[in-house]
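# Commentary on secondary and tertiary structure
Chain by chain, the residues:
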Amino acid sequence: MKIYRNPEKSEWPVITERPNPGSDEISSTVREVFDEVRLRGDEAVRDFTLKFDGVDMPDPEIREKELASAGDALTAELRNAIGIAKANIARFHEAQRTPDLEIETFPGIVCGRRQVPIQKVGIYVPGGTAPLFSTVLMLAVPALLAGCDEIVLCTPPGPTGRVDPAILYAARECGVTRVFRVGGSQAVAAMAFGTSAIPRVDKIFGPGNRFVTEAKMIAAARGVAIDMPAGPSEVLVIADDTCDPAFVAADLLSQAEHGADSQVILLTDSPAVLAAVEKEIDSQLARLPRKEIAAAALENSRLVLVRDTAEAVSLANEYAAEHLVIASDEAESISHRIVNAGSVFLGHFACESAGDYASGTNHTLPTGGFARAFSGVSLDSFCKH
């Protein structure tokens, strides 16, 4: 990780710059995928799945029999954990339901506002190196609560053509109507245009790598709504001398291991904390199962010594992190000065991973600085008014 000590404000653009490898090449590749899927439909989806995932998938849809048996491959402990997470997510998102509004603006003139569901939604669930069954919960639960008629799920196939059973189990538990083993930009294109096998949807949701994020942006430009740009993942931690450096390091690494293009940043006004966190990162990294991926992400990451908490807050608002952790005894008061962040975790025991899995808040959040203008996914994301 690169270390900055008391950087001048002129250096902030460098500190807040996201890694952006091969963006022109990615854009060109994704546009080619969209053009081919639009012209050739399922044939193009099959070709790109073979090219990018190494799997020939003549029939991408996962049938009810496979969905129904997915839970048999999971431990009772994991099924129970998924149930707890689902309940917490449902409770938090159900509380976001808004009653119909009716107001008389002038004698005899009554205006109203009513919440109605989007009819057809598509949810993208990353597979690849880490199948994110938690994303199924984060997207399908509010879609179900909103009352969406059709919930279409696309997720990449594994090397053998199968999908992680936890993803399938969560999909069935959350009321997903159709599931397809198709990933990457070809999945987004298929949901945007519709093919013989995969239905067109009205709005596409979900996080992903740079190819998926670029695909969603292109889909939006071609008339299909999206939730937000969401990926690659990132976290920024504000920590002072009341923090536990081991916890801070764990929060940083929990995002670094998402992917090689992830980014993590520490802001602290304590030289001792900076040194201790750096040491803890080295120690914990050596024990991570995904240490090669995390190590690659750390090359894009920063440890920053700031002058005081006020400067940390200003720099954090400039960065507009997807996840923001405030590891301080004063976390609550500091949080009131935060205006740009996807999700904020307060104090020493609000680990970012809890939000990613089971606290109830949504983990599909704006990345790349889009937290300046976008919110994370909520019940409203699946509704019109």
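Below is a summary of the structure that appears in this document. Because the structure is predicted, anything quoted here is derived from the model rather than measured.

Pairing between strand β3 (residues 101-106) and strand β4 (residues 109-113): five bridges, direction antiparallel. Paired with Glu 102 across the bridge in β4 is Gly 112. The turn linking β3 back onto β4 is made up of two residues, and Gly 108 within it adopts a positive phi angle of 90°.

A few words now on the packing of aromatic side chains. Using the criterion set out here, one finds five aromatic pairs in the structure. When the centroid spacing of 5.6 Å and the interplanar angle of 75° are considered together, the rings of Phe 34 and Phe 193 count as edge-to-face. Separated by 159 residues along the polypeptide, Phe 34 in helix α2 (residues 23-40) and Phe 193 in helix α8 (residues 184-193) bring together distant segments of the chain. For Phe 34, a relative accessible area of 0% puts it in the buried group. For the pair Phe 48 and Phe 52, a centre-to-centre distance of 5.7 Å together with 10° between the ring planes defines the contact as stacked.

Attention now goes to the environment of Leu 324. Its place among the elements puts Leu 324 in strand β14 (residues 321-327). With relative accessibility at 2%, the residue Leu 324 sits in the buried group. With residues near it in sequence (within four places) discarded, Leu 324 still touches Leu 236, Ile 238, Ala 316, Ile 338, Ala 341, Ser 343, Val 344 and Phe 345.

A word on the sheet that holds strand β10 (residues 225-226). Pairing in this open sheet of six strands is mixed, and the strands run β2-β8-β7-β6-β9-β10 from one edge to the other. Edge positions in the open sheet fall to β2 (61-62) and β10, since each of these has one partner strand only. In terms of strand pairing, strand β7 (residues 150-154) meets strand β8 (residues 178-180) through three bridges, oriented parallel. Bridging from a neighbouring strand, Cys 154 pairs with Phe 180 of β8. The strands touched by helix α6 (residues 133-146) are β6 (120-124), β7 and β9 (203-205); relative to β6, the strand with the most contacts, the crossing angle is about 170°.

Basis of the calculations
Residues numbered from 1 in each chain as written. Predicted model: local features only at pLDDT ≥ 70, side-chain atom pairs only at ≥ 80, totals over all residues. Heavy atoms only, no water. Pairing = 2+ DSSP bridges. Helix = DSSP H or I, 4+ residues; strand = E, 2+ residues; numbered from the N terminus. Phe/Tyr/Trp six-rings, centres within 6.5 Å; stacked < 30°, edge-to-face > 60°. Buried < 20%, exposed > 50% of the residue type's maximum accessible area, 1.4 Å probe, protein only. Contact = heavy atoms within 4.5 Å. Axes fitted to C-alpha atoms, helices over the stretch in contact; angles between N-to-C directions.

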